[in-house]
Every structure is written in structure tokens, then in C-alpha cells.
Amino acid sequence: MAILVLGGAGYIGSHTVAALCEAGRDVVVVDNLETGHKEAVHPDAKFYQGDISDHDFISGVFQKENISSVIHFAAYSLVGESVEKPLKYYENNLCKTRDFLAAMVENGVDKIVFSSTAATYGEPERVPILENDRTEPTNPYGETKLAMEKMFKWTANAYGIRYVSLRYFNACGAHTSGDIGEAHSPESHLIPLILQVPNGQREFISVFGNDYPTPDGTCIRDYIHVTDLAMAHILAVDYLEKGGESDIFNLGNGVGFSVKEVIETARKVTGHPIPAKEVERRAGDPAQLIASSEKAKRVLGWNPRQDSLEEIISTAWKWHQAHPNGFEK
């Protein structure tokens, strides 16, 4: 039986595919390559290029391959863009997932692990955030992910599909081999943007807002290594395949670092001064997001290994030094 990974040519998807293949699992990847890179897909995985909303295409994959479970990474994820283009996010994240779920039901596939987000919480009531805390997203990206979670819930009730939703925090770092890593265009994530400075691709790093209610005035986030995230998805598949009930889990290190602290750690790792420039806040950025991952550790047996910020940035720096233009030749 194979695991179908939607968006398996993207950043977190490709690391999950690599981890699955390294564990000897049969893997099928579907990606439309709008933002993914075929070069990032592990050579042992079977690759299909196409869209998850294409009913005939997806049904063909289900009929050709012996799929036991699905891992879903095929969603847009840029907070700023979602504020500017909310309908694009509803169409891709919600409507296309609806179409895919219909094909799952039709083809008798009943287990799915979903890449959700801490953005479902919005401004948290408390820190660290628990899975049963209030969900009031502050941007359309988080709103669409929350709507997807609710669609999984009601689809599960009606058709017997079981799902795991993984709400994670700031994915970062790269595979220890240095062969795959973060390559977005345009790039919007803090660590790769910082590393563009010592890589000679930008003169300084912008700090969006310095007046948040945090110790140094900059946003605080929980950074989680992409390989640790990949392992959580595999554990979630195993949990469902052993009969586990539908559930929601946070994934994070439980420790928050401010933007200024991340920049300072990058200076230490790269040996570069990395000039920083303070600019206006971005719309929809909560001041502080830190996870409690106790439930994932207890139920899934998840144990993040690469949890030091210095180690995370070191793996990212190894990738970006060797691939300053991502997967472009």
C-alpha cells in the first residue's frame, strides 16, 4: 500500500516524501508544480503532475496506485497574499480540497493527514497555545485552513473518513544532506530572507514592526525544523493506519524566538553582520505564536530532535549557500 502526498514537490512536502522513502515506504506524489519543484522529489517516489481538483486525473491516480492514506500539503500559504487576494485562497485551499475529498470518497480512500497552521488561532488567548483554544484567524490564509479542518470533520462524519489535522508553527531548516531545502518565489519566510543577506542577494533584512507587546518589540514565533515536521506527518499516518480516531495536534518546539533573536543567531551562524532595517508592521501578523505540543508527543509519540535555533539555521545556511537560486540551474 502506498501513501499519496499532495504537494510533495513543495518545501515541507518534499522533506516528508524523503523521510517516507528513507523509511522504505511506497510513496506517490501529486503536484501541479505551480510552486513546487520536481527536482525536490525523492527519486524513489512515483510522481504525477496534475491538479488535485481534476477529478479524472485524481481518480486515475487512485485507480492505478494502491493508496492507503493521503498527506495533504497542496495549499497556498502566504499570509500577506491571502489578505490581498482572499478569493484565490478560498478557491485553491477550500474548493480544490472539496473536489479532492469527493474523489477520495468515490474511490474508497478513508485516511488523510492535513497540513494545517497555527494561523487558525489568530491572536492567542494564552501562550503556549492548546488545541482546544479559541480559533479566530486574523487573515484569510488562517480562515481557509480552519474552514478546511471543518470540512474534514463533517466529511468524516458523513463518509467515515478519518483525518489528522496538524497545526504547525514556523517551518524552517533544510535536509541535513543539503540536497533539498526552502525555495519559494517570492520568498516570504524569515530565515531564508535573512540568509539572502550573507548570500549577497539583499543588502539588509526588513523587520516588520518594533512595537509589538513582546520583550524586544518584534514578533515572537515557534520555529520547528522541517524534518521534525516530516516525521510528525509519518507518525500521524501510522496513527490512522492503526485505527486512531480523527484528531487535531499542534506541532512546535514550545519555545518562542523574536525576529531580532533569529537575526542575531543567523549572524552567529554565518559570521556576517546582517544589517537590519525596521519598517512598518504587516497586516494580519499576531504578536506571539508558541505551541504546546504535549498532545502530539503523548498521542503520536512525536519527539522533535533538531530543536535548537542555531542548528535549524545551520542546516538552512548549508542549503542556501549551495543553492542560492533554489532549484534553478
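1. A closer look at the pairing of strand β1 (residues 2-6)
Consideration 1: The element β1 is largely enclosed, with a buried count of five among its five residues.
Consideration 2: Taking every second residue as pointing to the same face, both faces of β1 are buried, with A2, L4 and L6 on one and I3 and V5 on the other.
Consideration 3: In terms of strand pairing, β1 meets strand β2 (residues 26-31) through five bridges, oriented parallel. Looking across to β2, one finds that L4 is bridged to V28.
Consideration 4: On the question of chirality, the crossover connecting β1 to the parallel β2 by way of helix α1 (residues 11-22) is right-handed.
Consideration 5: Note: β1 against strand β4 (residues 67-72), five bridges, orientation parallel. Directly across from I3, in β4, lies its bridge partner S69.

2. Notes on the packing of aromatic side chains
Consideration 1: Overall, the coordinates contain six aromatic pairs when judged by the stated rule.
Consideration 2: Measuring from ring centre to ring centre gives 5.8 Å for F62 and F100, while their planes differ by 40°; the resulting arrangement is tilted. Here the residue F62 occupies a position in helix α2 (residues 55-64), and F100 occupies one in helix α4 (residues 86-106), the gap between them amounting to 38 residues. Comparing F62 with F100 shows no difference in burial state: the two are buried.
Consideration 3: Here R282 stacks its cationic end above the ring of F208, 4.7 Å away from the centre of that ring.
Consideration 4: Residue placement shows K295 over the ring face of F249; its charged tip is 5.1 Å from the ring centre.

3. Quick look at the environment of V127
Consideration 1: Assignment of secondary structure puts V127 in the loop between β5 (111-117) and α5 (140-159).
Consideration 2: For V127, a relative accessible area of 39% puts it in the partly exposed group.
Consideration 3: Taking the C-alpha atoms as reference, V127 lies 7.4 Å from L289; in sequence the two are 162 residues apart.

4. Some remarks on α2
Consideration 1: Of the positions making up α2, those classed as buried are F57, I58, S59, G60, V61 and F62.
Consideration 2: Next to the buried residues of α2 lie β1, β2, β3 (46-49), β4 and α4.

5. Comments concerning the nonpolar core
Consideration 1: Ranked by internal contacts, the top residues of the largest apolar core, which has 36 residues, are I12, V27, V113, V164, L166 and L251.
Consideration 2: At the level of secondary structure, the elements contributing two or more residues to this core comprise β1, α1, β2, β6 (162-168), α7 (226-241) and β11 (247-251).
Consideration 3: Top contributing element to this core by residue count: α7, with nine residues.
Consideration 4: Counting 28 residues, the second largest nonpolar core, distinct from the first, contains L101, A103, V109 and Y163.

Reading guide: rules and limits
Residues numbered from 1 in each chain as written. Predicted model: local features only at pLDDT ≥ 70, side-chain atom pairs only at ≥ 80, totals over all residues. Heavy atoms only, no water. Buried < 20%, exposed > 50% of the residue type's maximum accessible area, 1.4 Å probe, protein only. Helix = DSSP H or I, 4+ residues; strand = E, 2+ residues; numbered from the N terminus. Pairing = 2+ DSSP bridges. Right-handed = clockwise from strand over helix to strand, strands pointing away. Phe/Tyr/Trp six-rings, centres within 6.5 Å; stacked < 30°, edge-to-face > 60°. Lys NZ or Arg CZ within 6 Å of the ring centre and 35° of its normal. Contact = heavy atoms within 4.5 Å. Core = buried A, V, L, I, M, F, W, Y, C linked by side-chain atoms within 4.5 Å.

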